[in-house]
Amino acid sequence: MDPEHASVREPRASRASHREIADELRSRIGSGALRPGQRMPTQAELAEEFGVERGAVRQALDILHAERLLTGVSKGSPARVAEGAWPGWSAAPPQPTVVGLGPRVAAAFAAPQVRIDALCLTSVSLTLAVGEQLRLIHAGELKPAKIDVRVLLPSRRIELAFPTPVDPVNAGDGGLLHERWLAVRNAQGLVLRQNLLALRTTHGIDVRLTFRALPFTPPVKLYLLNEAEALFAYYTLGRHEQREFGGEPLQLYDADGTRSMLFAFGPGAGTRDAGTRDSGSREAEARDAAFVAESRRWFDALWETISSDLELT
């Protein structure tokens, strides 16, 4: 087999959906396993690897083509990774956090020293994204030398801006909403802590995980990866209904953080020959680099000034 067409992973035992195939291939592009300009495996090879029909593969490739990560999808020969498809490429469309965060965290874990700073409401999306990388570490496919994670979360002592009852005067359930949010925050944080710190004894990896509490409800979420990439999303509020409080439906304002649209910013330095980039690409890289640097300063300022110790209990 032509090595240029070779798949980068062993065949999967179970069938995958076209979206799962797209997510996996996107992750390989983001990590550099599939490089800009490289020919993709053939549709037949991908179908065999993922245990699906070619139609599912074509759907997955169409998704990546629409995201401008692939070229030549409709032609007879295998598609190619787009020349602009580097990790953190700012031209990539935003994606829901639950879809977009995983591949970016995967690319970060490919480095020998992993650094993640996160500001969020509960850390649900972060725990999910890191969990897949822990599986690969336990399987022997990854072994970073060092992992350093800092997480900013709202303090348990504040009155949250959301989730909150639409009619707090008559609902009288603001306390129950707060308790539910706190339980989720603490449970996700404890899972993240337990799984990461276990790598010290099981794999000898230098791991550091620190949580600090914020005195406000963050209206946005931010992930900083390896000090080179920033992922940013708004918590967009909507009106929801819950039926878990005394059997009566409760109308509340809340945001679904896993579906918040995640925008990626990163310079992509070193992934393309500088001579092949036009002035627009260089300006975009400079703009992204400035956004990443300012986001790091903002995060560090919160961490070092108004945040406080956080106990996950």
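So, a few notes on the structure that sits alongside this text. This structure is a prediction, so every number in the text was calculated from the model and none was measured.

## Examining the overall build of the protein chain
Then step 1. Of regular secondary structure, the protein chain possesses eight helices and 13 strands.
Then step 2. Across the 313 residues in the protein chain, those meeting the buried criterion constitute 45%.
Then step 3. By sequence separation, contacts in the protein chain at least 24 residues apart represent 75% of the contacts at least 6 residues apart.
Then step 4. Element-wise, carbon and sulfur atoms account for 50% of the exposed surface of the protein chain, whose accessible area totals about 15600 Å².

## As for the sheet that holds strand S13 (residues 308–309)
Then step 1. Strand order in the open sheet made by the eight strands is S3-S12-S9-S8-S4-S5-S7-S13, with mixed pairing throughout. The sheet is open, and its two edges are formed by strand S3 (95–96) and S13, each paired on a single side.
Then step 2. This element, helix H5 (residues 124–138), spans strand S4 (113–119), strand S5 (146–154) and strand S8 (220–225) of the sheet and lies at about 25° to S8.

## Side note on helix H4 (residues 97–109)
Then step 1. For H4, with 13 residues, the first-to-last C-alpha span of 18 Å sits near the 18 Å given by 1.5 Å per residue.
Then step 2. Listing the buried residues of H4 in full gives Thr97, Gly100, Leu101, Pro103, Arg104, Val105, Ala106, Ala107, Ala108 and Phe109.

## What to know about the environment of aspartate 300
Then step 1. Within the secondary structure, aspartate 300 sits in helix H8 (residues 279–304).
Then step 2. Taking C-alpha positions, aspartate 300 is 9.3 Å from aspartate 117, a pair spaced 183 residues apart along the chain.

## Re H5
Then step 1. A rise of 1.5 Å per residue sets the reference length of H5, with its 15 residues, at 21 Å; its end C-alpha atoms lie 21 Å apart and thus fit the reference within 8%.
Then step 2. For H5, the complete set of buried residues consists of Ser125, Leu126, Thr127, Ala129, Val130, Gln133, Leu134, Leu136 and Ile137.
Then step 3. Positive backbone phi, approximately 85°, marks glycine 140, located one or two places after H5.

## What to know about the packing of aromatic side chains
Then step 1. Considering all chains together, one arrives at five aromatic pairs under this definition.
Then step 2. Relative to tyrosine 235, the ring of phenylalanine 162 lies with its centre 5.9 Å away and its plane at 55°, an arrangement referred to as tilted. Residue phenylalanine 162 is found in the loop between S5 and strand S6 (164–165), and its partner tyrosine 235 is found in the loop between strand S9 (229–234) and strand S10 (238–245); the two are separated by 73 residues along the sequence. For the pair formed by phenylalanine 162 and tyrosine 235, the shared burial category is buried.
Then step 3. Relative to tyrosine 234, the ring of phenylalanine 232 lies with its centre 5.0 Å away and its plane at 85°, an arrangement referred to as edge-to-face.
Then step 4. On the basis of relative accessible area, phenylalanine 232 is assigned to the buried category, the value being 19%.
Then step 5. Site record: aromatic cluster; members linked through ring pairs are Phe232, Tyr234, Phe265 and Phe291.
Then step 6. Lying over the aromatic face of tryptophan 303, arginine 150 brings its terminal NZ or CZ to 5.0 Å of the ring centre.

## Overview of the pairing of S8
Then step 1. Here S8 lies mainly inside the structure; six of its six residues are buried.
Then step 2. What you see with S8 is no split at all: Val220, Leu222 and Leu224 on one side and Lys221, Tyr223 and Leu225 on the other are buried throughout.
Then step 3. Bridge count for S4 against S8 is four bridges, and the pairing is antiparallel. Residue pairing in the sheet places isoleucine 116 in a bridge with leucine 225 of S8.
Then step 4. Pairing of S8 with S9, which is carried by six bridges, proceeds in the antiparallel orientation. Considered in S9, the bridge of lysine 221 is made with alanine 233.
Then step 5. What sits between S8 and S9 in their antiparallel hairpin is a turn of three residues, with asparagine 226 showing a positive phi close to 50°.

## Quick word on the pattern of salt bridges
Then step 1. Within the structure shown, the criterion is met by 12 salt bridges.
Then step 2. When the shortest N-O distance is used, the salt bridge between arginine 115 and aspartate 117 registers 3.3 Å.
Then step 3. We note a salt bridge from aspartate 309 to arginine 212, for which the minimum N-O separation is 3.0 Å. Of this pair, aspartate 309 sits in strand S13 while arginine 212 sits in strand S7 (residues 206–214), and the two are 97 residues apart along the sequence.
Then step 4. Here aspartate 309 falls in the exposed class, since its relative accessible area comes to 61%.
Then step 5. One network of salt bridges, with partners in common, ties together Arg115, Asp117, Arg150, Glu227, Arg296 and Asp300.

Reading guide: rules and limits
Residues numbered from 1 in each chain as written. Predicted model: local features only at pLDDT ≥ 70, side-chain atom pairs only at ≥ 80, totals over all residues. Heavy atoms only, no water. Helix = DSSP H or I, 4+ residues; strand = E, 2+ residues; numbered from the N terminus. Buried < 20%, exposed > 50% of the residue type's maximum accessible area, 1.4 Å probe, protein only. Contact = heavy atoms within 4.5 Å. Areas by Shrake-Rupley, 256 points an atom, 1.4 Å probe, with all protein chains shown as cover. Pairing = 2+ DSSP bridges. Axes fitted to C-alpha atoms, helices over the stretch in contact; angles between N-to-C directions. Expected span 1.5 Å × (residues − 1). Phe/Tyr/Trp six-rings, centres within 6.5 Å; stacked < 30°, edge-to-face > 60°. Lys NZ or Arg CZ within 6 Å of the ring centre and 35° of its normal. Salt bridge = Lys/Arg side-chain N within 4 Å of Asp/Glu carboxyl O.

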